[in-house]
Amino acid sequence: MTGIAANLKEVRALVDATIRHSDRRRGEVTLVAVSKTWSSDAIREAHAAGQQDFGENYLQEASEKIASLADLPLTWHFIGPIQSNKTAQIASAFHWVHTIDRVKIAQRLAAQRPTSMPPLNVCIQVNVSGEASKSGVLPADVPQLAAAIKSLDGIHLRGLMCIPEPTQDMQLLRERFRTMAKLQTQLNLEHKLSMDALSMGMSGDMTIAIEEGATMVRVGSAIFGKRGNN
Ligand SMILES: *Cc1c(COP(=O)(O)O)cnc(C)c1O
């Protein structure tokens, strides 16, 4: 077994074990393999080991890989910051966008999504750590953005995403993830939304995120190895 296949097996086992001990239904968590900085060959290797969902942060890099892997039935997730002059490319190449943080970006993605494709799945990026993190929408501003997205054709509001501040404090991370889950439940109830996706958790904190309700974990280094060594 290659390194990537072995790592994937380990990560999947960890995800499954966490789902079991958190008393959740199996199959509720999508593992998104974050392949930024890694080659198309590494992605092929992961796909051969059964991986379907891949996350990329940089459009230029992602576009080249998506083109060279067009023969594989992969699901692509855009998880990086979005520049408004890049939305057309994102709208036509990806299945999911996790990092919507302003209405203008949502409107552009919706208008530019090719009508031949199903609606683009999107998540609102929430600045769950307040001042400590700069990207994302503050929790208080999420309802307004969610309502605006809901009215758009071409994109489908699926849920919320967060990147908490970097910290070794696992209890703090757990609180951040719990805040996200509560926010989603509350928004669904009070604003008649039906968000079903919660994108949170990375290599270092995926088990805590799953325990707190993540439905998608974005895992890079635990699958492909430490970035910078490639
Ligand atoms: C790089 C990245 C990840 C993966 O991080 P790892 O610690 O390597 O698992 C997840 N989410 C986002 C938004 C990222 O940029």
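Keep in mind that what you see is a predicted model, and the values were worked out from it rather than measured. (Residues numbered from 1 in each chain as written. Predicted model: local features only at pLDDT ≥ 70, side-chain atom pairs only at ≥ 80, totals over all residues. Heavy atoms only, no water.)

### A word on the site of the ligand
Then, number 1: Around the ligand sit Val34, Lys36, Asn57, Ile79, Ile163, Met202, Ser203, Arg218, Val219, Gly220, Ser221 and Arg227, and that is every residue in its neighbourhood.
Then, number 2: Within the side chain of arginine 218, one N or O atom sits 2.9 Å away from a nitrogen atom of the ligand.
Then, number 3: Here the ligand, which alone exposes 380 Å², has 88% of that area covered by the protein.
Then, number 4: Classifying every residue of the shell around the ligand by side-chain character gives five nonpolar, four polar and three charged. (Near = heavy atom within 4 Å. Polar contact = N/O pair within 3.5 Å; in protein donor to acceptor, adjacent residues only side chain to side chain. Areas by Shrake-Rupley, 256 points an atom, 1.4 Å probe, with all protein chains shown as cover. Nonpolar A, V, L, I, M, F, W, Y, C, P; charged D, E, K, R; others polar.)

### Notes on the pattern of salt bridges
Opposite charge on two side chains permits pairing when their charged atoms draw close.
Then, number 1: Following the criterion strictly, the structure yields nine salt bridges and no others.
Then, number 2: Across the salt bridge formed by glutamate 56 and lysine 65, the nearest N and O atoms sit 2.8 Å from each other.
Then, number 3: The exposure class of lysine 65 is buried, given its relative accessible area of 6%.
Then, number 4: Salt-bridge contacts for aspartate 196 lead to arginine 158; the nearest nitrogen and oxygen are separated by 2.9 Å. Within this pair, whereas aspartate 196 is found in the loop between α7 (170-190) and β7 (197-199), its partner arginine 158 is found in strand β6 (residues 155-161), the two being separated by 38 residues in sequence.
Then, number 5: One salt-bridge network, in which partners are shared between bridges, spans Arg174, Arg178, Glu211 and Glu212. (Salt bridge = Lys/Arg side-chain N within 4 Å of Asp/Glu carboxyl O. Buried < 20%, exposed > 50% of the residue type's maximum accessible area, 1.4 Å probe, protein only. Helix = DSSP H or I, 4+ residues; strand = E, 2+ residues; numbered from the N terminus.)

### Thoughts on unusual backbone geometry
Negative phi characterises most residues that are not glycine, and trans characterises most peptide bonds.
Then, number 1: Even without glycine at this site, threonine 37 takes up a positive phi of about 75°.
Then, number 2: Topologically, threonine 37 is positioned in the loop between β1 (30-34) and α2 (40-48).
Then, number 3: Overall, the relative accessible area of 39% leaves threonine 37 in the partly exposed class.
Then, number 4: At lysine 192, a position not held by glycine, the phi torsion is positive, near 50°.
Then, number 5: As for its position among the elements, lysine 192 is in the loop between α7 and β7.

### Describing helix α5 (residues 103-112)
Then, number 1: For α5, the full list of buried residues reads Ile105, Ala106, Leu109 and Ala110. Along α5, the residues classed as buried sweep out an arc of 130° about the axis, all on the same side.
Then, number 2: On its buried face, α5 is in contact with α4 (87-93), β4 (96-100), β5 (120-125), α6 (142-150) and β6. (Arc of directions from axis to C-beta. Contact = heavy atoms within 4.5 Å.)

### Quick word on helix α3 (residues 59-68)
Then, number 1: Every buried residue of α3 is accounted for by Leu59, Glu61, Ala62, Lys65 and Ile66. Projected onto a plane normal to the axis of α3, the buried residues spread over an arc of 155° and lie on a single side. Away from the buried face of α3 by more than 90 degrees, exposed residues Gln60, Glu64 and Ala67 are located.
Then, number 2: Against α2, β2 (53-56), β3 (75-78) and α4 lie the buried residues of α3.

### What to know about the environment of leucine 74
Then, number 1: As for its position among the elements, leucine 74 is in the loop between α3 and β3.
Then, number 2: The exposure class of leucine 74 is buried, given its relative accessible area of 6%.
Then, number 3: Sequence-wise, leucine 74 and arginine 44 are 30 residues apart; in three dimensions their C-alpha atoms are separated by 9.9 Å.
Then, number 4: The residues contacting leucine 74, other than those within four sequence positions of it, are Ile43, His47, Gln51, Gln52, Phe54, Leu69 and His95.

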